[in-house]
Amino acid sequence: MVHVVDVHVGKRIRQRRWLTGMTQQKLAEMVGIKFQQIQKYETGANRVSASRLWDIADALGVPVSFFFEGLKEDGSEAASAEGLPTDLMGDKEAMELVRSYYAIPENQRRRLFELARVLSDVA
């Protein structure tokens, strides 16, 4: 049976991999496993061992704790802010928006951010 924590960790692996533009194949090569195993981790079908999670965190440039962010003490996922989907980063459109946002040069990105804040206050 699939455990909610395994699914959450898998989602976080997929999200980080996708945000960095890395393929499952590339991550698998960096960690020394087959890409099919990455697929199983990302769906929560297979549990990620501590040492493997350490290697994945290193390959994706995040601390191991990154994969557990958003979990409550009982292992359930924390509720999202009002008006936002509970799995915002699981939404492909939101992920693409974030990736595109960080591709913009920093000075322009700051101006875009300020514009978005102004527009959201008006709405």
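Structure's up top.
First things first, this report covers the structure right here in the doc.

Definitions and cut-offs
- Per chain, residues are indexed from 1 in the order of the written sequence.
- The model is predicted, so local features are restricted to residues of pLDDT at least 70 and side-chain atom pairs to those at 80 or more, both for listing and for counting; the totals for chains, interfaces and linings are taken over all residues.
- In computing side-chain values, all of the structure's heavy atoms are included and hydrogens and water are not.
- What counts as an axis is a line fitted to C-alpha atoms, over the stretch in contact for a helix, and the angles between N-to-C directions run from 0 to 180 degrees.
- Secondary structure counts use DSSP, requiring at least four H or I residues in a row for a helix and at least two E residues in a row for a strand, with both numbered from the N terminus.
- Orientation is classified from the angle alone, with under 35 degrees giving roughly parallel, over 145 giving roughly antiparallel, 65 to 115 giving roughly perpendicular, and any other angle giving oblique.
- Whether two residues are in contact is decided by their heavy atoms: any pair within 4.5 Å suffices.
- Side-chain classes follow a simple rule in which Ala, Val, Leu, Ile, Met, Phe, Trp, Tyr, Cys and Pro form the nonpolar group, Asp, Glu, Lys and Arg form the charged group, and the remainder, Gly included, forms the polar group.
- The patches reported here contain residues having more than 30% relative accessible area and no salt bridge. Joining distances are 9 Å for like charges and 5 Å for nonpolar side chains (Val, Leu, Ile, Met, Phe, Trp, Tyr).
- Note on areas: Shrake-Rupley, 1.4 Å probe, and residue coverage restricted to the protein chains presented here.
- Every case where a carboxyl oxygen of Asp or Glu lies within 4 Å of a side-chain nitrogen of Lys or Arg is listed as a salt bridge.
- Three labels apply to residues, based on accessible area from a 1.4 Å probe with only protein chains included: buried if under 20% of the type maximum, exposed if over 50%, partly exposed otherwise in between.
- A pair of Phe, Tyr and Trp rings is counted when the ring centres sit within 6.5 Å of each other, with Trp represented by its six-membered ring. The angle between the planes then sorts it: under 30 degrees is stacked, over 60 is edge-to-face, the rest tilted.
- Placement of a positive charge over a ring is assigned whenever Lys NZ or Arg CZ falls within 6 Å of the ring centre and within 35 degrees of the normal to the ring plane.

**Remarks on the packing of helix H2 (residues 24–31) against helix H3 (residues 35–43)**
Inference 1: Packing of H2 against H3 brings their axes to within 8 Å, and their N-to-C directions diverge by 105°. What the angle tells us is that H2 and H3 run roughly perpendicular. Within the contact between the two elements, H2 uses Gln 24, Gln 25, Leu 27 and Ala 28 and H3 uses Phe 35, Ile 38, Gln 39 and Glu 42.
Inference 2: Grouping the amino acids of the contact of H2 with H3 by side-chain chemistry returns four nonpolar, three polar and one charged.

**Quick word on a nonpolar patch on the surface**
Inference 1: Taken together, the side chains of Leu 112, Leu 115 and Leu 119 make up a nonpolar region of the molecular surface, amounting to roughly 270 Å² of accessible area.
Inference 2: Relative to the assigned elements, Leu 115 resides in helix H6 (residues 106–122).
Inference 3: For Leu 115, a relative accessible area of 46% corresponds to the partly exposed category.

**Examining the packing of aromatic side chains**
Inference 1: According to the stated counting rule, one finds two aromatic pairs in the structure shown.
Inference 2: Both rings, one in Phe 66 and one in Phe 67, keep their centres 5.4 Å apart while their planes meet at 85°; by these two values the pair is edge-to-face. Side by side, Phe 66 and Phe 67 carry an identical accessibility label, which is buried.
Inference 3: With a centroid separation of 5.1 Å and an interplanar angle of 85°, the aromatic rings of Tyr 101 and Tyr 102 are classed as edge-to-face.
Inference 4: By relative accessible area, Tyr 102 is classed as exposed at 56%.
Inference 5: A cation over a ring is seen here: Arg 12 above Phe 66, with NZ or CZ 3.9 Å from the ring centre.

**Remarks on the pattern of salt bridges**
Inference 1: Evaluation of the coordinates by the stated rule reveals four salt bridges.
Inference 2: Two residues, Asp 6 and Arg 47, come together in a salt bridge whose shortest N-O distance is 2.7 Å. With Asp 6 in helix H1 (residues 4–19) and Arg 47 in the loop between H3 and helix H4 (50–60), this pair connects stretches of sequence that are 41 residues apart.
Inference 3: Of the charged contacts, one joins Glu 114 and Arg 110 as a salt bridge, the two residues approaching to 3.1 Å between their closest N and O atoms. Taken together, the positions of Glu 114 and Arg 110, both in helix H6 and four residues apart, correspond to about one turn of that helix.
Inference 4: Exposure remark for Arg 110: the relative accessible area of 48% places this residue in the partly exposed category.

**Comments concerning the environment of Val 7**
Inference 1: Residue placement: Val 7 occurs in helix H1.
Inference 2: Look at Val 7 and you get partly exposed, because its relative accessible area is 24%.
Inference 3: Each C-alpha atom of the pair Val 7 and Glu 42 lies 7.2 Å from the other, and the pair is 35 residues apart in sequence.
Inference 4: Not counting residues within four places of it along the chain, the set of residues in contact with Val 7 comprises Val 2, Thr 43 and Gly 44.

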